[in-house]
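Summary of the model geometry
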Amino acid sequence: MSTYQEFIQQNEDRDGVRFSWNLWPSSRLEATRLVVPVSCLFTPLKERPDLPPVQYEPVLCSRANCKAVLNPLCQVDFRAKIWACNFCFQRNPFPPSYAGISEANQPAELMPQFSTIEYIVQRGTPAPLIFLYVVDTCLEEEDLQALKESLQMSLSLLPPNALVGLITFGRMVQVHELSCEGIAKSYVFRGTKDLSAKQIQVQTLDASAFCRFLQPVHRVDMNLTDLLGELQRDPWPVPQGKRPLRSTGVALSVAVGLLEGTFPNTGARVMLFIGGPPTQGPGMVVGDELKTPIRSWHDIQKDNARHLKKATKYYEALANRSAVNGHSIDIYACALDQTGLLEMKCLSNLTGGHIVMGDSFNTSLFKQTFQRVFSKDYNGDFRMAFGGVLEVKTSRELKVCGAIGPCVSLNAKGSSVSENEMGVGGTSQWKVCSLNPSTTLGLYFEVVNQHNAPVPQGGRGAVQFVTQYQHSNTQRRIRVTTIARNWADAQSQIQHIESSFDQEAAAVLMARLGVFRAESEEGPDVLRWLDRQLIRLCQKFGQFNKDDPTSFKLSESLSLYPQFMFHMRRSPFLQVFNNSPDESSYYRHHFVRQDLTQSLIMIQPILYSYSFYGPPEPVLLDSSSILPDRILLMDTFFQLVIFHGETIAQWRKAGYQEMAEYENFKQLLQAPLDDAQEILQTRFPMPRYVDTEHGGSQARFLLSKVNPSQTHNNLYAWGQETGAPILTDDVSLQVFMDHLKKLAVSSSA
Amino acid sequence: GQEKDKYIAPSAERGWNDPPQFSYNLQNARGQQKGHLTRRAAPPTSSAPPTIPLSSNPLAPPPCSLAPPPRLQGKKQNCFMMKCCHGNNRSDGFLTAGPPTTTTPPVQPGSQEEEGGGDQTQCEPDVEVVLSSLNRALATCRQSVKDQVCNDVEKRLLLLDDSWRAGKLSLPVRRRMEALSLELRAGHWDSANEIHRSLMVDHVTEVSQWMVGVKRLIAETRNLNPELLEQLQDTSVTDQDSDLLQG
């Protein structure tokens, strides 16, 4: 078992890949019986400080419908200078520049340690990065001031050659002409009518005028700083009982159209800053009457959300246009009420843009999260990349079913595309307009070998991931990852296949499928589907005597999987009624793009316990971990919660930490803060920070996440008075596992 | 003081559950992420709820006189802290309680140099000195850079001067501006830029009106042709404040 753990970790470290199964069943039928599909989490631009890029073009297979990249799995005849493509078996001559290669002198791309390799390629003139700020001016004065300052600050973080533009909106939409001359000009659009790209171009005069809206930072930074400093709140008065008229839809349309007309197919970020929902024009989410609240999940369930369908369709069209041009859209939404993320989420989800949700622009959460958009890597380059195109090639026995992540389909048909779709399917290529080193896609495969066909020659299946992208230093690069796994006959080697199961990856991959379904299916149906897969998996791999639940056991490689599914069912990704539609959209947005470690934290939060009795230790996410003389640190990804047990809280209130003799208590209080620091310093988006204690109103963040093993239902039944009881009717993990075992062992299932 | 270690503790007024704020330098001083908060406890094997030995009975009423926490046994014990590989950040506790410990936070290669070369300089930065450095650079720029740009920069340097003399700038800002002017004089463009960025990030409210002028000044000065640069640096070296320049 430990060998697979090592194997899994090495592969993730080197290639940014985690497969659900690391031994592949050699037939389609057997693969479906494994319940969890052969699938992987793939991080295309995983940070690899130890991987220097090579400065030449990749060598491609010459077969027109293959074009796989030369890789360590290829057979090479060094004497004849020929290589055989491992995907299509075509024999290809090496290009002339490879005349000097030999066994002893191999190019990097043939060496096993370069299963992941990056090429820097020349593709025309390097294009500058483009940042287009789209700013809502219907904000409270203090909020607007804070936002203005953040925008001014960001100008100092942008590279001098980046192009920058500004659109402001409220009731009207204003496109600001940036120049280094004194006079500030802008073009105004009505916020009520949508405009086609052509109309925008016509209305803003000639093409050269168009370019004056996007100018290099080094030329316009002083003027733009002043312009931002002078921005006023939207001048249209807001009557009592009304919302401001906010024309977000038209503003975005102008932004997308502007970029479409001037810089198609160049890396660009539209950054939308909003303080409330769109209330007029196309894409409006709610009317301006405050007495009509913005839609809740209940409204949506009762089909009582007037604008939902139309607005969603409007933003989807914009999102698709943007994606086609390789432009990404970020949404920075800071308001106490919802802002329409449910309708607008596709703008970011389809283009790889960020969604940041906060209460106000005048918070450290927004300010620091926004700063981190411009964070730099070990080379001093931005961590953002643009115009990503991911292509997946597979050996014959595999086909691609689809991808789940911040991408759109490029509709690339071919022999490796399966007819069964999972996620964004029907293609072997996807566009990821904006990506960073943690962007992770879920990719799903299908084994197509027929049952009883012999295990393929050479015994290994292969997948190649080719990611072309624009680096933030404007170079064009291609990263190629080629992996292989052994085929195994499920009839005779089921135990080996079982031991190759990566339960963490599988949990996240299945969870992504669940969230994907939840976008179009009813909640209870998704839960039923998830449950059914879990039961089937337990039936397949559980060791038990028929109809005897107490005999049920799972091997180590699957032992954590049911617990992950238990927490997934309770998670905000699938339980929506405790959150607003915007919150659910926000959580899901982040869930389907994070790497494995962060995704698992989201599914099953981490809980550490601090006490005088020993070093800090991870404890069960269970109510029994809540004890009076412990401090708990919980990380849900979206929140960091520090919870002081009852006794700790009393001591703290009494001020013992201020007394010299109780220095150790002071250190105890400090320890979780220090440990939380790394997370707070690096995570994007920055999490909320909850410092609470027993009986505190914010303790609910902890209480709602822990397994309610002690509830008011069973507290006295167990006869133990340990841990803090939770007031809930949620089923506990114990009850869940009992039910699961019963169903798995049942001969009538 | 080491301002780079400064945190702003979370404020209940500003935002619900707003996290603490880290300074620009602390933000950038992060090393390779160790991700040490990733372990989970092993799942229970039986279906009974987990039992943990009782240390105190939480359902009993609180004791009449609070039992104090266990006392120190002699020396301070640090073993309750999580073992961090990068472990030096212990001193940067973000509740600014107590003086930092003897360990120093890690400094990334190429990251910002110490402010003014050390914390021995307790004397107040001199606005005259700082502004004269900046104005000297501007004067040199006037020989080759467009008037419009130079005038815009000058406008902002005046604003800086006014704000400083009116006492509107906090000590950290004044200190960093002094450091920036020294870096500019020494031709350390990247360092000067880093300081400008750190000021924009940490003190945007105080500096946003004029900082972009300083930023532009750095950009234009570094692009001056070599003769002009030499000219500028010659005058700097003969300046009587050269003792402030650290090795």
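Residues numbered from 1 in each chain as written. Chains lettered and ligands numbered in written order. Predicted model: local features only at pLDDT ≥ 70, side-chain atom pairs only at ≥ 80, totals over all residues. Heavy atoms only, no water.

Structural notes on the overall build of chain A
Threshold: Each helix is a run of DSSP H or I of at least 4 residues and each strand a run of E of at least 2, with the numbering of both proceeding from the N terminus. Radius of gyration here uses only the C-alpha atoms, and the compact-globule reference equals 2.2 Å multiplied by the residue count raised to the power 0.38. Partly exposed describes any residue whose relative accessible area lies between the buried limit of under 20% and the exposed limit of over 50%, with all areas from a 1.4 Å probe on protein chains only and scaled to the type maximum. Values of accessible area rely on a 1.4 Å probe in the Shrake-Rupley scheme; residue burial ignores everything except the protein chains shown. Only four residue types enter the tally: Lys and Arg on the positive side, Asp and Glu on the negative side, with His and both chain ends excluded. Charge positions are represented by NZ for Lys, CZ for Arg, CG for Asp and CD for Glu.
Looking only at helices and strands, chain A has 22 helices and 29 strands in total. Taking 2.2 N^0.38 as the reference for a compact globule, 749 residues should give roughly 27 Å; the C-alpha atoms of chain A span a radius of gyration of 28 Å, in line with that estimate. Of all 749 residues assigned to chain A, the portion counted as buried reaches 64%. Just so you have it, chain A exposes about 28500 Å², and 50% of that area is on carbon and sulfur atoms. Taking the 70 positively charged and 75 negatively charged side chains of chain A as two groups, their mean positions are separated by 8 Å.

Things to note about the overall build of chain B
Along the backbone of chain B there are eight helices and two strands. Ordered by position from the N terminus, the helices and strands of chain B form the series β-β-α-α-α-α-α-α-α-α.

Details of the UniProt feature "domain: Sec23/Sec24 helical" (unreviewed entry) in chain A
Our working definition: UniProt positions are given in the numbering used here, feature names are shortened, and annotations may be inferred rather than shown by experiment.
Taking the UniProt record as the reference, the feature "domain: Sec23/Sec24 helical" (unreviewed entry) is found at residues 502-600 of chain A. Secondary structure across residues 502-600 of chain A divides into 62% helix and 9% strand, with the first and last C-alpha atoms of the span separated by 13 Å.

Examining the packing of helix 13 (residues 503-518) of chain A against helix 15 (residues 561-570) of chain A
How two helices pack is summed up by the angle between their axes together with the distance between the axes. Residue and element names in this part refer to chain A. The line we're drawing: Simply put, an axis is a line fit to the C-alpha atoms, just over the touching stretch for a helix, and the angle between two N-to-C directions goes from 0 to 180 degrees. Geometric relationships in this document are graded by angle, where less than 35 degrees denotes roughly parallel, more than 145 denotes roughly antiparallel, 65 to 115 denotes roughly perpendicular, and other angles denote oblique. Crossing handedness follows the turn of the near helix against the far one: under a right angle anticlockwise gives a left-handed crossing, and clockwise gives a right-handed one. In this description, contact between two residues means that some pair of their heavy atoms is separated by no more than 4.5 Å. All amino acids are sorted into three groups, where Ala, Val, Leu, Ile, Met, Phe, Trp, Tyr, Cys and Pro are nonpolar, Asp, Glu, Lys and Arg are charged, and the leftover types, Gly among them, are polar.
Put simply, helix 13 and helix 15 touch, their axes get as near as 10 Å, and they point 30° apart. Considering their axes alone, helix 13 and helix 15 lie roughly parallel with respect to each other. Considering only the axes of helix 13 and helix 15, their crossing is right-handed. Each of Q503, E504, A506, A507, M510, A511 and V515 in helix 13 lies in contact with helix 15, whose residues at this interface are Y561, F564, M565 and M568. A class-by-class count of the residues in the contact of helix 13 with helix 15 yields nine nonpolar, one polar and one charged.

Some thoughts on the pattern of salt bridges
Rules: One side-chain nitrogen of Lys or Arg within 4 Å of one carboxyl oxygen of Asp or Glu is enough to make a salt bridge.
On inspection of all chains with the given rule, the structure shows 42 salt bridges over all chains. Because the salt bridges share partners, they merge into one network encompassing E12(A), R18(A), D502(A) and E504(A).

A closer look at the pairing of strand 16 (residues 385-394) of chain A
All names here are of chain A. Applicable threshold: Between any two strands, at least two bridges found by DSSP are needed for them to pair.
Most of strand 16 is tucked away: eight of the 10 residues are buried. Relative to strand 19 (residues 429-435), strand 16 is paired through six bridges, and the arrangement is antiparallel. From the neighbouring strand, F386 faces strand 19, where its bridge partner is S434. Pairing of strand 16 with strand 21 (residues 460-470) involves seven bridges; the strand directions are antiparallel. Bridging from a neighbouring strand, V392 pairs with F465 of strand 21.

Points about the packing of aromatic side chains
Residue and element names in this part refer to chain A. Our working rule: By convention, a stacked pair of Phe, Tyr or Trp rings (six-membered ring in the case of Trp) has centres within 6.5 Å and planes under 30 degrees apart, an edge-to-face pair has planes over 60 apart, and any other such pair is tilted. Comment: the charge-over-ring label is applied if NZ (Lys) or CZ (Arg) is within 6 Å of the ring centre and within 35 degrees of the ring normal.
Enumeration according to the criterion identifies 36 aromatic pairs over all chains in this entry. An aromatic cluster is defined as three or more aromatic residues linked by ring pairs; in this entry it consists of F131, Y133, F273, Y332, F361, F366, F370, F374 and F382. Between the NZ or CZ atom of R171 and the centre of the ring of W236, over which it lies, the distance is 4.3 Å.

Describing the confidence of the model for chain B
All names here are of chain B. Our working definition: Confidence per residue, as judged by the predictor, is encoded in pLDDT with a range of 0 to 100.
Looking at chain B, pLDDT values average 70 and 54% of them are 70 or higher. The least confident element of chain B is strand 1 (residues 7-8), whose mean pLDDT is 58; the most confident is helix 7 (residues 211-222), at 96. Overall, residues 1-5 carries pLDDT values under 50, and its contacts beyond four positions in sequence, including any with other chains, amount to 17 contacts. Contacts from residues 73-120, a stretch scored under 50 in pLDDT, to residues over four places away or in other chains number 84 contacts. Scored by ipTM, the complex comes to 0.86, with pTM at 0.89.

Let's talk about the nonpolar core
Most often, soluble globular proteins keep nonpolar side chains buried together rather than apart. Defined as follows: As used here, the term nonpolar core means buried Ala, Val, Leu, Ile, Met, Phe, Trp, Tyr and Cys residues forming a set that is joined through side-chain atoms within 4.5 Å.
In terms of nonpolar packing, the biggest core is built from 153 residues, with L443(A), F445(A), F465(A) and Y561(A) touching the most fellow members. Those residues within four positions of F445(A) in sequence are excluded, and the remaining contacts are F19(A), P37(A), V38(A), S39(A), C40(A), V392(A), T394(A), L398(A), K399(A), V400(A), C401(A) and V463(A). Core analysis: the second largest hydrophobic core is formed by 77 residues, F366(A), W164(B), M177(B) and L229(B) among them.

Quick word on helix 13 of chain A
This is how it is decided: Take the number of residues in a helix, subtract one, and multiply by 1.5 Å to get its expected span.
Along its 16 residues, helix 13 of chain A runs 22 Å from first to last C-alpha, staying within 8% of the 22 Å computed at 1.5 Å per residue. Where burial is concerned, most of helix 13 of chain A is hidden: 13 out of the 16 residues are buried.

Points about the sheet that holds strand 1 (residues 17-19) of chain A
All names here are of chain A. Spatially, the four strands line up as an open sheet ordered 1-3-20-17, and their pairing is antiparallel. Unpaired on one side and paired on the other, strand 1 and strand 17 (398-404) mark the two borders of the sheet. Going from strand to strand, the sheet's axes swing by 25° on average, the running direction of each strand aside. Inspection of the sheet shows strand 1 paired to strand 3 (residues 39-42) by three bridges, in the antiparallel sense. Of the residues in strand 3, the one forming a bridge with F19 is C40. The strands touched by helix 13 are strand 1, strand 3, strand 17 and strand 20 (441-447); relative to strand 20, the strand with the most contacts, the crossing angle is about 95°.

Here's the deal with the sheet that holds strand 4 (residues 75-77) of chain A
Residues and elements named next belong to chain A. The strand order 4-5-6 describes an open sheet built from three strands, whose pairing is antiparallel. The outermost strands of the open sheet, each flanked by one partner alone, are strand 4 and strand 6 (91-93). The average undirected angle you get between the axes of adjacent strands in this sheet is 25°. Sheet topology note: the strand 5 (residues 82-84)/strand 6 ladder contains three bridges and is antiparallel. Bridge pairing links I82 to P93 in strand 6.

Here's the deal with the confidence of the model for chain A
Mean pLDDT over chain A works out to 92, with 94% of the residues at or above the 70 mark. In the model, residues 715-722 of chain A has pLDDT below 50 throughout and makes 15 contacts with residues more than four positions away in sequence or in other chains.

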